[in-house]
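Coordinates in review
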Amino acid sequence: RLNNICSQFFAQVEQAPPDAIFGIKNKYSKDKDPSKINLSVGAYRNDKGKPYLLEVVKKAEELLVQDSKRSKEYLGIDGHPQFKALSQKLVFGENSQALKEGRVCTAQCLSGTGSLRVGFEFLAQFFPRKTCVYTSKPTWGNQNTVAMKAGFQHKSYRYWDPKSRGLDFKGMLQDIHNAPAGSIILLHACAHNPTGIDPTPDQWDQIMAVVRARNHFPFFDAAYQGFATGDLDNDARAIRMFEKAGFQMLVAQSYAKNFGLYGERAGCVHVIAPSKQSAQALSSHIKRIIRPMYSNPPRHGAEIVAKVLSTPELFAQWKDEIKIMSSRISKMRHAVRDELLRLQTPGNWDHIVTQIGMFSFTGLSRKQCELLIKEHHVYLLYNGRISMAGLNTSNVARFAKAVDSVVRATQ
């Protein structure tokens with residue numbers, strides 16, 4: 001009798017829809033075609049199409065192994081103290097007034113997604129439930145999901161202009177201005193995902209003015225610092241502009257891309273508070289969120305980052321390596337554009353080289369993307385986003401030929 005009752009608990013549960021990105025990755029894994037190309041997942045690959053473990057990460061791990069004082073004890077609820085302090089300086093800069101005044105509270109979190117999740121749970125405690133989170137259209141889909149999990153509604157502001165295949169800046173400003181006062185505006189710090197289009201410094205100034213005028217709260221997602229342009233300071237420019245202008249805000253920071261620590265889940269959430277006393281109080285609330293969620297963060301990835309950022313020789317080597325990665329992606333952008341021009345593929349493809357970062361928003365239609373997967377074994381998201389890191393000198397010509405084919409087939 002008891003067994004019959006227990007067997008009914010989950011009997012009616014239906015299969016959940018697959019994650020958009022990992023669902024395509026699974027299709028790729030099952031494809032037996034030897035020339036298949038995976039451009040769906042945002043993880044760096046070298047020119048041989050293999051995962052890349054940074055040399056500086058190897059050196060840092062060797063030094064950590066040799067340290068006889070290390071342990072595998074629990075970290076504090078809010079993480080590794082040195083890792084947090086160094087992360088603050090990396091994203092806000094050593095001359096940050098907020099840091100000098102002790103107005104930044106930081107918690108180590110589970111990479112980018114974990115930092116967003118803790119950040120939104122934190123905001124949910126202090127913002128009215130009717131508050132809406134505004135994200136760009138399009139955006140990385142997990143942002144909206146995480147906001148909803150914290151109880152927020154989400155709406156979008158215009159960002160991608162399909163006609164120009166560039167930034168719809170006028171529409172962006174209008175939508176942020178028209179959002180109810182006090183809304184949460186989620187912004188990509190650099191290398192916008194999925195479009196690869198970032199506002200110029202002058203445009204960031206105008207965005208700041210609208211956010212201030214409407215008393216909105218800015219929340220930056222910083223997943224690609226250094227990886228976008230190869231310059232750590234340049235990629236943190238927007239965040240530092242807001243900080244210098246005196247905004248209270250949140251920043252979700254990830255080391256997955258720029259350190260290649262995808263599986264180590266190393267990241268931080270930062271809160272700029274109005275005072276040092278306030279920062280200390282807010283930190284106590286973040287700890288109360290983390291404790292029942294995952295108790296405390298993992299140690300290994302934080303130790304790697306802390307070792308690199310605190311060792312001048314390793315820090316210099318890391319900066320060289322992120323330049324190498326960003327440079328290779330830039331070369332692939334030009335290779336794709338040049339091959340499409342050689343093939344005389346219909347349309348203008350200049351946007352591929354003007355975009356930056358890991359992703360390119362190709363402008364391909366869903367039908368064209370479906371044809372790429374079905375007929376050419378090229379796996380990408382159905383919205384046309386590709387990971388440039390999945391291209392290399394051995395497959396870029398085949399990719400361009402496949403794009404040329406589906407474009408001509410759907411004219």
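Relevant structure appears above.
Okay, so let's go over this structure. All values derive from a computational prediction rather than experimental measurement.

Here we come to the overall build of the protein. Looking only at helices and strands, one finds 18 helices and 13 strands in the protein. C-alpha atoms of the protein, sized along the principal axes, occupy 65 × 65 × 50 Å. For the protein, with 411 residues in total, the buried portion stands at 53%. Carbon and sulfur atoms make up 51% of the accessible area of the protein, which amounts to about 19600 Å² in all. Computing the positive centroid from 55 side-chain charges and the negative centroid from 36, the protein places the two 5 Å apart.

By size, the foremost hydrophobic cluster in this structure holds 63 residues, and its most contacted members are Phe259, Trp318 and Phe399. Residue contributions to this core peak at 8 residues, all from helix α15 (residues 312-343). The contact partners of Trp318, leaving out residues within four places of it in the chain, are Leu54, Val56, Leu90, Leu232, Asn258, Phe259, Val308 and Leu309. Residues Ala189, Ile197, Ile207 and Phe242 belong to the second largest nonpolar core, which totals 35 residues.

Side chains of Phe9, Phe10 and Val13 sit close together on the surface and give an oily, nonpolar patch of about 400 Å² of accessible area. Relative to the assigned elements, Phe10 resides in the loop between α1 (2-6) and α2 (20-30). Taking the relative accessible area as the measure of exposure, Phe10 reaches 67% and is therefore exposed.

Under the criterion given, the structure shown has 15 salt bridges. The shortest N-O distance in the salt bridge between Arg70 and Glu303 comes to 2.6 Å. Of the two residues, Arg70 sits in the loop between α3 (55-66) and α4 (81-92) while Glu303 sits in helix α14 (residues 300-310), which places them 233 residues apart along the sequence. For Glu303, a relative accessible area of 8% gives the class buried. Taking the shortest distance from any N to any O, the salt bridge between Lys287 and Asp78 comes out at 4.0 Å. Here Lys287 is found in helix α13 (residues 276-293), whereas its partner Asp78 is found in the loop between α3 and α4, with 209 residues between them in sequence. Taking the relative accessible area as the measure of exposure, Asp78 reaches 13% and is therefore buried.

Attention now goes to the pairing of strand β10 (residues 266-272). Most of β10 sits out of view: 7 of its 7 residues are buried. Alignment of strand β2 (residues 104-110) against β10, held across 7 bridges, turns out to be antiparallel. For Cys105, the partnering residue across the bridge sits in β10 and is Val271. The pairing of strand β9 (residues 249-254) with β10 spans 6 bridges and is classified as antiparallel. Across the sheet, the residue bridging to Ala252 is Val269, located in β10.

This part covers the environment of Val210. Mapped onto the elements, Val210 comes out in helix α9 (residues 201-213). Separated by 36 residues in the primary sequence, Val210 and Gln174 place their C-alpha atoms 9.0 Å from one another.

About the thresholds
Residue numbering note: each chain is counted from 1, following its sequence as written. Two thresholds apply to this predicted model, a pLDDT of at least 70 for residue-level local features and 80 or more for giving and counting side-chain atom pairs, whereas whole-chain, interface and lining totals are computed over all residues. For the side-chain quantities, the full set of heavy atoms in the structure was used; hydrogens and water were omitted. Secondary structure elements follow DSSP: runs of H or I no shorter than four residues count as helices, runs of E no shorter than two count as strands, and numbering proceeds from the N terminus. For each residue, the accessible area found with a 1.4 Å probe, counting protein chains only, is set against the maximum for its type, and the residue is called buried under 20%, exposed over 50%, and partly exposed in between. Surface accessibility in these figures is a Shrake-Rupley result with a 1.4 Å probe; residues are shielded only by whichever protein chains are displayed. In this count, Lys and Arg are taken as positive residues and Asp and Glu as negative ones, while His and the chain termini are left out. Note on charges: their place is set at NZ of Lys, CZ of Arg, CG of Asp or CD of Glu. Grouping buried Ala, Val, Leu, Ile, Met, Phe, Trp, Tyr and Cys residues that are joined through side-chain atoms within 4.5 Å yields what is termed a nonpolar core. Contacts are assigned to residue pairs that have any heavy atoms within 4.5 Å of one another. A patch is a set of surface residues, each over 30% in relative accessible area and not in a salt bridge, joined within 9 Å for like charges and within 5 Å for the nonpolar side chains Val, Leu, Ile, Met, Phe, Trp and Tyr. Counted as salt bridges are all cases of a side-chain nitrogen of Lys or Arg within 4 Å of a carboxyl oxygen of Asp or Glu. Being paired, for any two strands, means DSSP has found at least two bridges between them.

So, to be careful, I would describe these as geometric facts and stop short of saying anything about function.
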